[in-house]
Amino acid sequence: MKHKRALKLLRKWQRRLHLDDWDIGLTTVAEEVLNTDCGTVVGLCHRGDTGAVAQITIAMGDGKGVEGTVVHELLHLILTPLVREGKRLADLMGHTHGDLACERLADSEETAVDRLTKVLRELTGRRDGK
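Not measured: the values here are computed from a predicted model. (Residues numbered from 1 in each chain as written. Predicted model: local features only at pLDDT ≥ 70, side-chain atom pairs only at ≥ 80, totals over all residues. Heavy atoms only, no water.)

(A) Structural context of the overall build of the protein chain. If you tally the helices and strands in the protein chain, you get four helices and five strands. In the protein chain, the order of α-helices and β-strands from amino to carboxyl end is α-β-β-β-β-β-α-α-α. A compact globule built from 130 residues should have a C-alpha radius of gyration of about 14 Å, and the protein chain, at 15 Å, falls within 12% of that. Taking the principal axes of the C-alpha coordinates as reference, the protein chain spans close to 45 × 30 × 25 Å. Counting across all 130 residues of the protein chain, residues that qualify as buried make up 34%. Look at the contacts in the protein chain between residues 6 or more apart in sequence, and 69% of them connect residues 24 or more apart. A total accessible area of about 8200 Å² is found for the protein chain, and carbon and sulfur atoms account for 55% of it. On the protein chain, the mean spot of the 20 positive side-chain charges and the mean spot of the 20 negative ones are 9 Å from each other. (Helix = DSSP H or I, 4+ residues; strand = E, 2+ residues; numbered from the N terminus. Rg over C-alpha atoms; globule rule 2.2 N^0.38 Å. Buried < 20%, exposed > 50% of the residue type's maximum accessible area, 1.4 Å probe, protein only. Contact = heavy atoms within 4.5 Å. Areas by Shrake-Rupley, 256 points an atom, 1.4 Å probe, with all protein chains shown as cover. Lys, Arg positive; Asp, Glu negative; His and termini not counted. Charge placed at Lys NZ, Arg CZ, Asp CG, Glu CD.)

(B) Quick look at the sheet that holds strand β5 (residues 53–59). The mixed open sheet is built from three strands, whose spatial order is β1-β5-β4. The open sheet has two free edges, formed respectively by β1 (23–29) and β4 (43–47), since each of these has just one partner strand. Within this sheet the neighbouring strands show an average axis-to-axis angle of 15 degrees, counted without direction. Relative to β5, β1 runs parallel, the two sharing seven bridges. (Pairing = 2+ DSSP bridges. Axes fitted to C-alpha atoms, helices over the stretch in contact; angles between N-to-C directions.)

(C) Expanded view of the pattern of salt bridges. Taken as a whole, this structure holds four salt bridges when the rule is applied. A salt bridge links Arg-47 to Glu-109, with the nearest nitrogen and oxygen atoms 2.8 Å apart. Within this pair, whereas Arg-47 is found in strand β4, its partner Glu-109 is found in helix α4 (residues 95–123), the two being separated by 62 residues in sequence. (Salt bridge = Lys/Arg side-chain N within 4 Å of Asp/Glu carboxyl O.)

(D) Local environment of unusual backbone geometry. A positive phi angle is found at His-18, which is not glycine, with a value near 55 degrees. Turning to its location among the elements, His-18 is positioned in the loop between α1 (2–16) and β1.

(E) Representation of the environment of Glu-110 in the model. Mapped onto the fold, Glu-110 is located in helix α4. Sequence spacing of Glu-110 and Thr-96 is 14 residues, and the spatial spacing of their C-alpha atoms is 22 Å. Not counting chain neighbours up to four residues away, the residues in contact with Glu-110 comprise His-72 and His-76.

(F) Expanded view of the packing of aromatic side chains. The full count for this structure, using the stated rule, is zero aromatic pairs. Residue placement shows Arg-16 over the ring face of Trp-13; its charged tip is 4.7 Å from the ring centre. (Phe/Tyr/Trp six-rings, centres within 6.5 Å; stacked < 30°, edge-to-face > 60°. Lys NZ or Arg CZ within 6 Å of the ring centre and 35° of its normal.)

(G) Expanded view of the nonpolar core. Ranked by internal contacts, the top residues of the largest apolar core, which has 23 residues, are Leu-10, Ile-24, Ile-56, Val-70, Leu-74 and Leu-77. Those elements that provide at least two residues to this core are α1, β1, β5 and α2 (66–78). By residue number, the principal contributor to this core is α2, which donates six residues. Other than its neighbours up to four places away in sequence, Leu-10 contacts Ile-24, Leu-26, Ile-56, Val-70 and Leu-74. (Core = buried A, V, L, I, M, F, W, Y, C linked by side-chain atoms within 4.5 Å.)

In short, the description is geometric, and any link to function would need to be established separately.
The structure is reproduced here in structure tokens:
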């Protein structure tokens, strides 16, 4: 049932954010958090190198905050053109500087997505963060 709810929220926000041209898959896990190389998170968005295809994974935990997590992960997709171009430029910079550029790009993307998620949630009457 939790997966169905998360999928319904994903499709609702996919429409709201005008991401209908994206083919987005959803995986839900019962855990509270997902362990990554960068630490623990409640959601992950894997987008392909080209095209409009993505896979979102959400740690359902107690089910609270799922909508905010869905919004957060979808916002990453809106920034895809900027991220892809940034990575292309970083590749041109070479290994040392390119790696640093990619790291800073990822940090900046996360900061922007966090802020936009908060704004959207407040505009829709939700203040529960993610």
